[in-house]
Amino acid sequence: MNKLIFNNIILSKNISYLIIYLLIFTFSLVFSNNSIDIIKTTIERNAFISFILIPSTLLLSINILDTIFNNLILMERFKDKKELTNYLIKTLIISIILINIITLLFMFIFIIILKEKSISFNYLLIINFFLNSFIIGLFVIVLRMYFNKYIVIFIMILLSSFIYGFDLDLSTTINNLNIFIIKIIIICFEYIFITIKLKNNMFNEVYK
């Protein structure tokens, strides 16, 4: 069952469009980046956060929610709401990891082709990239508990526009581990909130 639903999500038409979107915008950001440390400056740019990180995580989260919530046969296979909620979160996290890997692969390939430079890995930067994606993905689920998906999409687009329009400084300060600890705490709080509230607010048509 896990493999079937996962394939339905990752191999869906919407995700194919998302991958094409990532391909185009990653190419554009790498092409326009003249910094020596291309990976760092690309990932920390407001354009990356506004046009790649937030939109891709939003589209992925909405697609997973729709796929699972619209599949009553799948939902009925879980014995309780908590188990279904955990499955939803696990599917979201695995999907985000795969999409992030695809994004990074595009970036590395374009750096090699366009810039003809070797790539030096900064593991803390990559970890921060994944943590940011998890925070946004879980935040989308939190919003979805209270609003329909179109309002959630509007809110996230508004957030993306605000970050880009006001040129907010969202640099990671890579060597400051306190930032990573804070983000992990935020993810834990989001997870706890979702497991408590989501199972009470949803799935009533399946579980009485």
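Because the structure is a prediction, the values reported are computed rather than measured. (Residues numbered from 1 in each chain as written. Predicted model: local features only at pLDDT ≥ 70, side-chain atom pairs only at ≥ 80, totals over all residues. Heavy atoms only, no water.)

Here we look at the overall build of the protein chain
1) Next: Each helix and strand in the protein chain was counted, giving 9 helices and 0 strands.
2) Next: Listing the helices and strands of the protein chain from first to last along the sequence gives α-α-α-α-α-α-α-α-α.
3) Next: Relative to its 208 residues, the protein chain shows a buried fraction of 45%.
4) Next: In the protein chain, the proportion of contacts linking residues at least 24 apart, taken out of those at least 6 apart, comes to 83%. (Helix = DSSP H or I, 4+ residues; strand = E, 2+ residues; numbered from the N terminus. Buried < 20%, exposed > 50% of the residue type's maximum accessible area, 1.4 Å probe, protein only. Contact = heavy atoms within 4.5 Å.)

Examining the confidence of the model for the protein chain
1) Next: The predicted model of the protein chain has a mean per-residue pLDDT of 81, with 82% of residues at 70 or higher.
2) Next: The least confident element of the protein chain, judged by mean pLDDT, is helix 1 (residues 2–10) at 59; the most confident is helix 7 (residues 123–144) at 90.
3) Next: Below pLDDT 50 for its whole length, residues 203–208 participates in 18 contacts with residues either more than four positions away or in separate chains. (pLDDT = per-residue confidence, 0-100.)

Structural notes on helix 6 (residues 81–115)
1) Next: In this model, helix 6 (35 residues) spans 50 Å end to end at C-alpha, consistent with the 51 Å of a helix rising 1.5 Å per residue.
2) Next: Once helix 6 finishes, Glu116 follows within two positions and takes phi at roughly 55°, a positive value. (Expected span 1.5 Å × (residues − 1).)

Looking at the packing of helix 4 (residues 46–69) against helix 7
1) Next: It is at 9 Å that the axes of helix 4 and helix 7 come closest, and there the two elements cross at 50°. Classified by the angle between their axes, helix 4 and helix 7 sit oblique to one another. Regarding helix 4 and helix 7, the two cross each other, and that crossing is right-handed. On the side of helix 4, the interface is formed by Phe48, Leu53, Ile54, Thr57, Leu58, Ser61, Ile62 and Leu65, while helix 7 contributes Phe129, Asn132, Ser133, Ile136, Gly137, Val140, Ile141 and Arg144. (Axes fitted to C-alpha atoms, helices over the stretch in contact; angles between N-to-C directions. Parallel < 35°, antiparallel > 145°, perpendicular 65-115°, else oblique. Left-handed = near helix turned anticlockwise from the far one by under 90°.)

A few points about the packing of aromatic side chains
The geometry of two aromatic rings is summed up by the distance between their centres and the angle between their planes.
1) Next: Summed over the entire model, instances satisfying the criterion amount to 9 aromatic pairs.
2) Next: Aromatic side chains Phe25 and Phe51 sit 5.9 Å apart centroid to centroid with 20° between the ring planes, which places their arrangement in the stacked category. Here the residue Phe25 occupies a position in helix 2 (residues 13–31), and Phe51 occupies one in helix 4, the gap between them amounting to 26 residues.
3) Next: Overall, Phe25 belongs to the partly exposed group, its relative accessible area being 29%.
4) Next: The exposure class assigned to Phe51 is partly exposed, which follows from its relative accessible area of 31%.
5) Next: Of the aromatic side chains, those joined through ring pairs into one cluster are Tyr21, Phe25, Phe51 and Tyr164. (Phe/Tyr/Trp six-rings, centres within 6.5 Å; stacked < 30°, edge-to-face > 60°.)

A word on the packing of helix 4 against helix 8 (residues 149–165)
Relative orientation and spacing of two packed helices are given, respectively, by the angle between their axes and the distance between those axes.
1) Next: Orientation of helix 4 relative to helix 8, taken along the N-to-C sense of each, is 170°, at an axis distance of 9 Å. Considered as vectors, helix 4 and helix 8 are oriented roughly antiparallel to each other. Of the residues in helix 8, those touching helix 4 at Asn46, Ala47, Ile49, Ser50, Phe51, Ile54, Leu58, Ile62 and Asp66 are Lys149, Val152, Ile153, Met156, Leu159, Ser160, Ile163 and Tyr164.
2) Next: For the contact of helix 4 with helix 8, a count of residues per class yields 12 nonpolar, 3 polar and 2 charged. (Nonpolar A, V, L, I, M, F, W, Y, C, P; charged D, E, K, R; others polar.)

Re helix 8
1) Next: End to end, helix 8 covers 24 Å across 17 residues, agreeing with the expected 24 Å (1.5 Å per residue, within 8%).
2) Next: Every buried residue belonging to helix 8 is among Val152, Met156, Ser160 and Ile163, and all of these are buried. Looking down the long axis of helix 8, one finds its buried residues gathered within 70° of arc, a one-sided arrangement. Opposite the buried face of helix 8, by more than 90 degrees, sit the exposed residues Tyr150, Phe154 and Gly165.
3) Next: Of the residues flanking the start of helix 8, the one acting as N-cap is Asn148, its side-chain oxygen 3.0 Å from the backbone nitrogen of Tyr150. (Arc of directions from axis to C-beta. Polar contact = N/O pair within 3.5 Å; in protein donor to acceptor, adjacent residues only side chain to side chain.)

Observations regarding the nonpolar core
1) Next: One finds Ile43, Phe48, Leu88, Ile141, Met156 and Ile194 to be the most contacted residues of the largest nonpolar core, which totals 57 residues.
2) Next: Dropping the residues within four chain positions of it, Ile141 is found in contact with Leu65, Leu88, Leu92, Ile194 and Leu198. (Core = buried A, V, L, I, M, F, W, Y, C linked by side-chain atoms within 4.5 Å.)

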